[in-house]
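Here is what each chain is made of, one letter per residue.
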Amino acid sequence: MEDIKVKIDAPNLISFTFCDKLPEDFVVDSFPLLHDADLYYNYGDIESTFGPLSKFITKLCNVKLLKISGAYFKILKLPKVMSTSFPTFHNLIRLEVYDIRYLQRKTLLNFLDFSPNLESLVINQVEFSGKAKENTLTFDKVPHCLVCLKSFKIRKFNGYPKELEMVKFVLKHARVLEMVIMETSYTVENYMGVHNKKKNLKAKEEALNEKIRRQLGMSPWASTGCVIQFSSS
């Protein structure tokens, strides 16, 4: 979409989907009635579109349901983007992140601090690349949205320590949390036969699920009524 100028003037727009690279000349007005937005970006060099992306995402502050690619958090972690001028997403009640790299988790939770009324958070996949430090997930302050968060779901969950670290963080601070769902994608050894593979997969899933339950049970929970659920992807 090079050398293209795009201007959107749609004050009555209620749904918006954009799955491409934003052109430099991308001008939009506010969307006061916007209900849901779906933004997917997977083009690698996202920093080159810093200007239009950072300005565009601020125009979505009225949205109630937001799906967003983890690549956007490369922009949000850059200096001055999430400053005091960043808007608050007061209406946002459900956030779904397509995928997010392990090292972008803190930026995600910083973004949640601008979503004070969020009730549902879904992460489709946590990707691991590069060298991840072994330090725990810590913040100067806990994202305010965890006060009202009711459900947290991770898809393609493998039970890695860094995945569990994020679940533990939510459990520790989400005071009205009702449910944590982990959609597992455990694998079994290739040498097993088809029958044995299915049988052993079920046994392995149950054993790993129980192990994870015990690990989470040893961590502090802010909500006494929270339920842990597992499902197979």
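Residues numbered from 1 in each chain as written. Predicted model: local features only at pLDDT ≥ 70, side-chain atom pairs only at ≥ 80, totals over all residues. Heavy atoms only, no water.

Draft legend 1. Structural detail: the overall build of the chain. Tallying secondary structure elements over the chain gives 5 helices and 12 strands in all. The buried share among the 233 residues of the chain stands at 42%. Nonlocal contacts in the chain, meaning residues at least 24 apart in sequence, comprise 74% of its contacts between residues at least 6 apart. Accessible surface, the chain: about 12700 Å² in total, of which carbon and sulfur atoms supply 51%. (Helix = DSSP H or I, 4+ residues; strand = E, 2+ residues; numbered from the N terminus. Buried < 20%, exposed > 50% of the residue type's maximum accessible area, 1.4 Å probe, protein only. Contact = heavy atoms within 4.5 Å. Areas by Shrake-Rupley, 256 points an atom, 1.4 Å probe, with all protein chains shown as cover.)

Draft legend 2. Expanded view of the packing of aromatic side chains. Here the structure, examined in full by the defined rule, presents 4 aromatic pairs. Relative to phenylalanine 31, the ring of phenylalanine 16 lies with its centre 5.9 Å away and its plane at 25°, an arrangement referred to as stacked. Taken together, the positions of phenylalanine 16 in strand S2 (residues 15–18) and phenylalanine 31 in the loop between strand S3 (25–28) and strand S4 (36–39) put the pair 15 residues apart, joining distant regions of the chain. Relative to phenylalanine 111, the ring of phenylalanine 89 lies with its centre 5.4 Å away and its plane at 65°, an arrangement referred to as edge-to-face. On the criterion of sequence distance, the pair formed by phenylalanine 89 in the loop between helix H2 (72–76) and strand S6 (94–97) and phenylalanine 111 in helix H3 (residues 105–112) is long-range, its members being 22 residues apart. You'll find phenylalanine 89 and phenylalanine 111 in the same group, each marked buried. Taken together, Phe16, Phe18 and Phe31 form an aromatic cluster joined through their ring pairs. (Phe/Tyr/Trp six-rings, centres within 6.5 Å; stacked < 30°, edge-to-face > 60°.)

Draft legend 3. Broad picture of H3. Of all the 8 residues making up H3, 6 are buried; the element is thus mostly covered by neighbouring parts of the structure. Every buried residue of H3 is listed here: Arg105, Thr107, Leu108, Leu109, Phe111 and Leu112.

Draft legend 4. Representation of unusual backbone geometry. The backbone of lysine 156 sits at a positive phi, close to 55°, despite the residue not being glycine. Relative to the helices and strands, lysine 156 is located in strand S10 (residues 151–157). Accessibility expressed as a relative area gives 44% for lysine 156, which makes it partly exposed.

Draft legend 5. Focus on the environment of glycine 70. Along the chain, glycine 70 turns up in the loop between strand S5 (65–68) and H2. Sequence-wise, glycine 70 and valine 97 are 27 residues apart; in three dimensions their C-alpha atoms are separated by 6.1 Å.

Draft legend 6. Focus on the sheet that holds S2. With parallel pairing, 8 strands are arranged side by side in an open sheet as S2-S4-S5-S6-S8-S10-S11-S12. Whereas interior strands pair on both sides, the edge strands pair on one side only; in this sheet they are S2 and strand S12 (227–232). Averaged over all neighbouring strand pairs, the angle between strand axes comes to 10°, with direction disregarded. Along the sheet, H3 makes contact with S5, S6 and strand S8 (120–123), crossing S6 at roughly 165°. Each of S8, S10, strand S11 (179–184) and S12 touches helix H4 (residues 161–173); the most contacted strand, S10, lies at about 175° to it. (Pairing = 2+ DSSP bridges. Axes fitted to C-alpha atoms, helices over the stretch in contact; angles between N-to-C directions.)

Draft legend 7. Just the side chain of asparagine 124, in detail. The topology assignment puts asparagine 124 in the loop between S8 and strand S9 (126–127). Look past the residues within four positions of asparagine 124 in its chain and what remains in contact with it is Glu96, Val97, Tyr98, Arg155 and Lys156.

Draft legend 8. Here's a closer look at the nonpolar core. Residues Leu95 and Phe152 are the most contacted members of the largest nonpolar core, which totals 54 residues. Examining the composition of this core, we find that 6 residues originate from one element, H4, more than from any other. Excluding residues that lie within four positions of it along the chain, leucine 95 makes contacts with Leu66, Ile68, Leu108, Phe111, Leu112, Leu118, Ser120, Leu121 and Val122. (Core = buried A, V, L, I, M, F, W, Y, C linked by side-chain atoms within 4.5 Å.)

Draft legend 9. How the structure looks around the confidence of the model for the chain. Residues at a pLDDT of 70 or more form 71% of the chain, whose mean pLDDT is 78. The low-confidence segment residues 188–193 (pLDDT under 50) makes 7 contacts with residues lying over four places distant or belonging to another chain. (pLDDT = per-residue confidence, 0-100.)

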